[in-house]
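For reference, the chains in residue letters:
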Amino acid sequence: GGEEDNDDKATTVLQPESVQQIGLQHWHEIHPSRWGSGGFVSATTTESTCRCDLRSCSQRPDDTSRCAPTDVSGSTAAPPRVIYCCDVEGHWPYFCNFVDLCGTDRLRFVQIGDQRNVSEAPELELADGWHFVFGGDSCDKGPGSLRFVECMVRFKRKYPERVHLILGNRDINKMRWTAELDQCEIDRLLVVPPVFWLPEKTRLSPLDYVRRVAAEAEGVAESEVSEAMLAKHNTKANKVRYMLKHDMGSDGDFEFRRHELAMMKGLGTSEISDEAVVASYETWTAEGGSMREYLRLGQLALLLGNTLFVHGQVIGNQFSCCPGGAEQWSVRVVPTDDFGGFEVVEDLPRWADKLNAWAARQIEAWQRQPTWQQPPIVPERASWRARGGSSLITYGTPAAEVPSVVYCRWLKDDCMPKKYPSDLVDYLKSYGVHSVVVGHTPHGNCPTVIPHNGLTVLMGDTSYSHMKADVAFAGDNRGEAVSLVIVEQQMLHVSGRTHMKQILEYQISPNSNLDKVGVMQKRRSRGEERYFVKARICEENDLKFNGYLMCKMEGFKTYYTVLRRDEAERSLGGQPVQQNYSSIAHYNPHGDISELCRLRLLWDHCMERWDHNLDGSLSQKELEDALTEDEVRQAVLAAFPGCSFDVVARELNRHQFELKTPRESEEQDSSMSEDEAWCMLPKRSGESAESFVSRKTTRSRKRTKSRKEGSSERGRSDSRKPSNSRVGLGSRQGSCTSRKPTRSQWRQSFRSCPGCVCAGGGKEGLAFQVSEPLVYRHAEARGGRGLTEPVL
């Protein structure tokens, strides 16, 4: 019935929470694999292939049941479990966040500690039974391209059967360096044409660029630039800057590379010359270079189990340079060694093999002939063919001669998600494909899911999560956002954080979508704007998933709003979405601190998977990573209701004393100070969480008062000062919460709770500096006195 009809037929009734409340004491039975000794194998262990050999499947298009994965010996094996990452684009801190998010029982750095500022690429270790797929685009947008590419190459060599590198357009275009940075090319500045794949109105020749640079540097008009000035500024450094900015889409990478070289060599950025930066680009693709090896080890398409991985898409609507029209399938199409030729291969596994074989031949031809045999003189396709690998280079550009799986996108005109045509869905399903996972096209602050009947498409590129965030470095466009994609038994599982630190987690299978992720809002009239469900989220102060991140694309602009479950249900039915940009309603948890046995299981689980630096404690960052796992969230909600992240981490670290064996406790107690012993104050039998925290606070006040004899008034004031804490995970019934103001308002003064006398209200007001509003208990509950402390 067409795309609009398919959207309108989507079910709009939201189902109840599908996650069952599970006690921690049952974790061993439910998740036995998560409590082993680590599950890692050494690099010398013989690797077994865990891939689905679709060629051996005797079932044909009419039978879409999944064939069992087999190894090379033909014995039945478990379906592959896959960790997916894509479009790192030189953002090394982002990849470190990604590894932290994986948990130490899946993927980890061998070296202990924070790897964000390392001077060389660290070694990775992959747990037994897992595959890792990098979806392409390794470099260009951050000061980490050298380390990341080197890290991926070493990773592939270590696990050749379980690590898979997909080639992206930003990887393939590095093949251009060997010819276009050759000194002969620099010397022929006056006749070098711009690239042919850019629109004519946006083309700028190297000569015009150098003239602009010379005019700015010499302080003259462009018309007054002399030949001597051109010769002075016609350098390899300016040629690299020109290519990065005008035909590679990587403006700023020259300075990123300078910063990375300075970090790796332990020097200041001013000590890294332009010549050293250029040399790093040249050696990168020369014999022995890591990018040259990445290209050799990479592939264009990967069939792993029931999932198809490509960098761009399997269908595109921008193939204006290809015969047959702008909208074509890129799957089944294999370029030939003749320029512009291609063949159609109907069998999907055979297509993937032939496409990868063609790419390998192109890379070998580039290695044999890295420079121009006949340099181009005009911006036309035929003039740019006289070097090795030229067909693959063109395949990764907007002017591909045949439909490409690299430079390819499938979206509506306003960049909203677009479903595959039904014949493509049927074709993929006929070969047992249940999921298509792609990157290349940035699409918001977390992966976008496009559900079909029996097929799921996931767009994983989040490189524009938070434009101009400048968090990890100047030019950082990701900010705090990080997402992990797991493919396991036909299920796509996504977890992580948005750029606003909203915890997200959702999963979808080909025939089940209880979380409603990817469902499009019904359109009541043609031309009406629509949102779609981007993710199921919970706020930083609420670990219950009762919010939906709604998203709308308008070209390069992305709009978000958070709706409660009932609001999302109405909006999917056609009610307009009101942009509120507000946080979701707080969840009011009830319960008590868990029993010691449950707390020990929680502690052991967090230590096993999330203690990245192996220091025996949980930092707030490690806890945030752990909370992306559903079991940990449920346990924390039950064990520490109403507590903030830093409080939960602190309490868990305190309880580790109780969780030790008697001998360990005795040894630690002998060297423990009075303050440390107080921190380990045990909970009484049957004591509520509120009473437990209150008793600790009362004891703390008495100790503070006894220490500050002669200054009782100041001691009483200090004891009332709230800690510099984040907003709580929730508030108990009977408490009131101030309306959440802006950060600047909180830096100026406290806001009092409406209808009661609170700290900061009344006569003078107290100027406390806090990062977020705290949760306060109503004054009436304290006999009408002013509220002096946050409720945990």
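Refer to the structure printed above.
Let me begin by describing the structure that accompanies this report. Numbering of residues begins from 1 in every chain and follows the order in which that chain's sequence is written. Whole-chain, interface and lining totals are the exception, using all residues; otherwise, since this is a predicted model, local features are given only for residues with pLDDT of at least 70 and side-chain atom pairs are given and counted only at 80 or more. The side-chain numbers reported here are obtained from all heavy atoms of the structure, hydrogens and water having been left aside.

The backbone of R332 shows a phi angle near 80°, a positive value even though the residue is not glycine. Only DSSP runs of H or I covering at least 4 residues are called helices, and only runs of E covering at least 2 are called strands; the numbering of each starts at the N terminus. Considering the arrangement of structural elements, one finds R332 in the loop between β9 (328–329) and β10 (333–335). Phi is positive for C415, close to 75°, though the residue is something other than glycine. Position of C415 relative to the elements: it lies in the loop between α15 (390–395) and α16 (422–430). Accessibility expressed as a relative area gives 13% for C415, which makes it buried. Buried means the residue's accessible area, taken with a 1.4 Å probe over protein chains only, is under 20% of the maximum for its type, while exposed means over 50%, and partly exposed covers the values in between.

Our focus in this paragraph is the pairing of strand β1 (residues 81–85). Among the 5 residues in β1, 4 count as buried, and that is most of the element. Across 5 bridges, the pairing between β1 and strand β4 (residues 130–134) is parallel. Paired with R81 across the bridge in β4 is W130. When DSSP locates at least two bridges between a pair of strands, those strands are taken to pair.

On to the pattern of salt bridges. The term salt bridge refers to a pairing of a side-chain nitrogen on Lys or Arg with a carboxyl oxygen on Asp or Glu at a separation within 4 Å. Under the defined criterion, the tally for this structure stands at 30 salt bridges. In this structure, R296 engages E293 in a salt bridge whose closest nitrogen and oxygen atoms are separated by 2.5 Å. In this pair, R296 and E293 are both assigned in helix α13 (residues 290–297), 3 residues apart and thus about one turn of the helix distant. Put simply, E89, D140, R170 and K174 are held in one network by salt bridges that share partners.

Ordered in space as β5-β4-β1-β15-β16-β17-β18-β19-β20, the 9 strands form an open sheet in which the pairing is mixed. The open sheet is flanked by β5 (163–165) and β20 (557–564), the only strands paired with a single partner. Between one strand axis and the next, the sheet turns through 25° on average, direction left out of account. Direction of pairing for strand β19 (residues 547–554) relative to β20: antiparallel, over a ladder of 8 bridges. The residue bridging G547 from the neighbouring strand is R564, located in β20. The strands touched by helix α3 (residues 92–102) within the sheet are β1, β4, β15 (482–488) and β16 (491–497), with β15 carrying the most contacts at an inclination of about 45°. Along the sheet, helix α17 (residues 565–572) makes contact with β18 (532–538), β19 and β20, crossing β20 at roughly 120°. Axes, fitted as lines to C-alpha atoms, cover a helix only where it is in contact. Angles between the N-to-C directions of the axes lie from 0 to 180 degrees. We call two residues in contact whenever any of their non-hydrogen atoms come within 4.5 Å of each other.

Now for the nonpolar core. What we call a nonpolar core is a set of buried Ala, Val, Leu, Ile, Met, Phe, Trp, Tyr and Cys residues that are connected through their side-chain atoms within 4.5 Å. Core analysis: the biggest nonpolar cluster contains 140 residues, and F95, F132, M152, L300, W351 and Y420 have the highest contact counts within it. Not counting residues within four places of it along the chain, the set of residues in contact with F95 comprises C85, V88, F109, L124, F132, F148, C151 and M152. The next biggest cluster of nonpolar side chains, apart from the first, holds 18 residues, and it includes I503, W610, L618 and V636.

This brings us to the environment of G268. Assignment of secondary structure puts G268 in the loop between α11 (253–265) and α12 (274–285). Taking relative accessible area as the criterion, G268 reaches 26% and is therefore assigned partly exposed. Each C-alpha atom, one on G268 and one on R258, is 9.4 Å from the other, the two residues being 10 residues apart in sequence.

For the pair helix α10 (residues 236–246) and α11, interaxial distance at closest approach is 9 Å and the crossing angle is 120°. Considering the angle they form, α10 stands oblique to α11. Where α10 abuts α11, its residues A237, V240, R241 and L244 lie against D253, F254, E255 and R258. Across the contact of α10 with α11, the residue classes tally to 4 nonpolar, no polar and 4 charged. When an angle is under 35 degrees it counts as roughly parallel; over 145 it counts as roughly antiparallel; between 65 and 115 it counts as roughly perpendicular; any other value is oblique. The classification used treats Ala, Val, Leu, Ile, Met, Phe, Trp, Tyr, Cys and Pro as nonpolar, Asp, Glu, Lys and Arg as charged, and all other residues, Gly among them, as polar.

All buried positions along α12 are accounted for by V277, V278, S280, Y281, W284 and T285. Buried residues along α12 cover an arc of 150° about the axis, so they all sit on one side. In α12, the exposed positions that point more than 90 degrees away from the buried face belong to E275 and T283. Packing partners of the buried residues in α12 comprise α4 (145–158), α6 (177–180), α10, α11, α13 and α14 (348–368). An arc is given here, and it is the one of the directions from the helix axis to the C-beta atoms.

Mapped onto the secondary structure, S391 falls in helix α15. The spacing of S391 and E401 is 10 residues in sequence and 8.4 Å in space, taken between C-alpha atoms. Other than its neighbours up to four places away in sequence, S391 contacts F339, W358 and Q362.

Once that is clear, we can look at the side chain of S465. Mapped onto the fold, S465 is located in the loop between β14 (455–459) and β15. Residue classification places S465 among the buried positions, given a relative accessible area of 6%. Those residues in contact with S465 that sit more than four places away from it in its chain are G444, N445, N477, R478, A481 and H499.

On to the packing of aromatic side chains, then. Centres within 6.5 Å make a pair out of two Phe, Tyr or Trp rings, where for Trp the six-membered ring is used; the pair is then stacked when the planes are under 30 degrees apart, edge-to-face when over 60, and tilted otherwise. Considering all chains together, one arrives at 19 aromatic pairs under this definition. Taking 5.3 Å as the distance between ring centres and 65° as the angle between the ring planes, the aromatic pair formed by W358 and Y395 counts as edge-to-face. Of this pair, W358 sits in helix α14 while Y395 sits in helix α15, and the two are 37 residues apart along the sequence. In this structure an aromatic cluster arises from ring pairing among W92, F95, F98, F109, F134 and F148. Both a distance and an angle decide whether a charge sits over a ring: NZ of Lys or CZ of Arg must be within 6 Å of the ring centre and within 35 degrees of the ring normal. Stacked on the ring of Y281, the Lys or Arg R257 has its end atom at 4.1 Å from the ring centre. Its guanidinium or amino end placed over the ring of W366, R292 lies 5.3 Å from that ring's centre, counting from NZ or CZ.

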